[in-house]
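Results of the structural survey
Okay, here's what each chain looks like letter by letter:
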Amino acid sequence: IRIVLEDDTDRTQIQLLSINRYEEDILMRNELDELAKQHPDRLSVSYSLTGQQVPEDWDGHMGRGSVEMVKKALPPPSDDQTTTIVFVCGTDGFRDKWAGPIARAPPLADGSKGPKIQGPLLGILRDAGYDASDVFKY
């Protein structure tokens with residue numbers, strides 16, 4: 001993120017959604033918030049908490065994800081004018097809920113596992129109107 005933002009010729013806009021159980025689990029929150037303050041026209045950061053006890057003063061999203069959360073926190077799907085790419089990472093269950101499972105190609109000739117492949121787009125992002133070409137799962 002920092003490399004993209006520090007390049008004055010790069011006009012990429014980044015919208016980051018970080019979903020965590022508890023507020024103290026948010027990795028690099030202070031650094032991300034500071035980058036968003038320094039680059040308000042290029043970086044926005046949204047947070048969601050999934051834990052049972054959300055602080056009373058929490059002003060972020062709540063829950064593991066929904067189409068409504070996507071529409072509020074992420075850019076719209078690609079169209080004729082813009083290109084969107086959504087990177088999804090997390091536990092297998094989280095990734096599956098958001099974008100569907102990663103599949104594997106057939107085993108290699110030496111018997112080792114085949115390479116990972118994206119598989120079809122499923123889940124929340126498909127329901128929100130994204131195309132498989134808009135999403136990368138890892």
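As shown above, the structure is provided for reference.
Conventions adopted
- The residue count restarts for each chain, going from 1 along the sequence in the order it is written.
- For a predicted model such as this one, the threshold for reporting local features is a pLDDT of at least 70, and the threshold for listing and counting side-chain atom pairs is 80 or more; totals across whole chains, interfaces and linings nevertheless cover every residue.
- Remark: hydrogens and water are excluded; side-chain values derive from all non-hydrogen atoms of the structure.
- Numbering goes from the N terminus for both helices and strands, where a helix is a DSSP run of H or I of at least four residues and a strand is a run of E of at least two.
- Exposure classes here rest on a 1.4 Å probe applied to the protein chains alone. A residue is buried below 20% of its type maximum, exposed above 50%, and partly exposed in between.
- Whether two residues are in contact is decided by their heavy atoms: any pair within 4.5 Å suffices.
- Within this document, salt bridges are pairs made up of a side-chain nitrogen of Lys or Arg and a carboxyl oxygen of Asp or Glu, the two lying within 4 Å of each other.
- Think of a nonpolar core as a cluster: buried Ala, Val, Leu, Ile, Met, Phe, Trp, Tyr and Cys residues, connected wherever their side-chain atoms sit within 4.5 Å.
- For Phe, Tyr and Trp, where Trp contributes only its six-membered ring, two rings pair if their centres lie within 6.5 Å, and the inter-plane angle classes them as stacked under 30 degrees, edge-to-face over 60, or tilted in between.
- If DSSP finds at least two bridges between two strands, the strands pair.
- To obtain each axis, a line is fitted to C-alpha atoms, and for helices this fit is confined to the stretch in contact; angles are then taken between N-to-C directions over 0 to 180 degrees.

1. A look at the overall build of the protein
Of the regular secondary structure elements, the protein holds five helices and seven strands. Starting at the N terminus, the α and β elements of the protein follow one another as α-β-α-β-β-α-β-α-β-β-α-β. Overall, the C-alpha framework of the protein stretches about 55 × 45 × 30 Å when taken along its three principal axes. Counting the 138 residues in the protein, one finds 33% classified as buried. Taking contacts inside the protein between residues at least 6 apart in sequence as the whole, the part at least 24 apart equals 58%.

2. Considering the pattern of salt bridges
Pairing is possible between side chains that carry opposite charge, provided their charged atoms lie close to one another. Overall, the coordinates contain eight salt bridges when judged by the stated rule. The salt bridge partner of aspartate 41 is arginine 11, with a shortest N-O separation of 3.3 Å. One end of the pair, aspartate 41, is in the loop between helix 2 (29-38) and strand 2 (43-49); the other, arginine 11, is in the loop between helix 1 (2-6) and strand 1 (14-20), with 30 residues separating them in the sequence. The partly exposed category is assigned to aspartate 41, whose relative accessible area is 48%. Notably, a salt bridge pairs glutamate 23 with arginine 29, separated by 2.7 Å at the nearest N-O pair. Glutamate 23 sits in the partly exposed class, given a relative accessible area of 28%. Judged by relative accessible area, arginine 29 falls into the partly exposed class, the value being 22%. When salt bridges with common partners are traced through the structure, they connect Glu23, Arg29 and Asp33 into a single cluster.

3. Quick word on the nonpolar core
The biggest cluster of nonpolar side chains holds 17 residues, and the ones touching the most others in it are Val70, Leu74, Trp98, Leu125, Tyr130 and Val135. Secondary structure elements with two or more residues in this core: strand 1, helix 3 (67-73), strand 4 (86-88), helix 4 (92-99) and helix 5 (123-127). In this structure, tryptophan 98 is in contact with Leu17, Ile19, Arg64, Gly65, Met69, Val70, Leu74, Val88, Leu122, Gly123, Ile124 and Leu125, ignoring residues within four places of it in sequence.

4. Things to note about the packing of aromatic side chains
This structure, assessed with the given rule, holds four aromatic pairs. Note on phenylalanine 87 and tyrosine 138: the rings are 6.4 Å apart at their centroids and 70° apart in plane angle, and the pair reads as edge-to-face. In this pair, phenylalanine 87 sits in strand 4 while tyrosine 138 sits in the segment after strand 7 (135-137), placing the two residues 51 residues apart along the sequence. With relative accessibility at 53%, the residue phenylalanine 87 sits in the exposed group.

5. Considerations on the sheet that holds strand 1
Here three strands make up an open sheet; going across it, the order is 1-2-3 and the pairing parallel. Every other strand in the sheet has two partners, leaving strand 1 and strand 3 (61-62) as the edge strands with one partner each. Where strand 2 meets strand 3, two bridges bridge the pair, whose relative direction is parallel. What sits directly across from serine 48, in strand 3, is histidine 61. Packing against the sheet, helix 2 makes contact with strand 1 and strand 2, and its axis sits at approximately 145° to strand 2.

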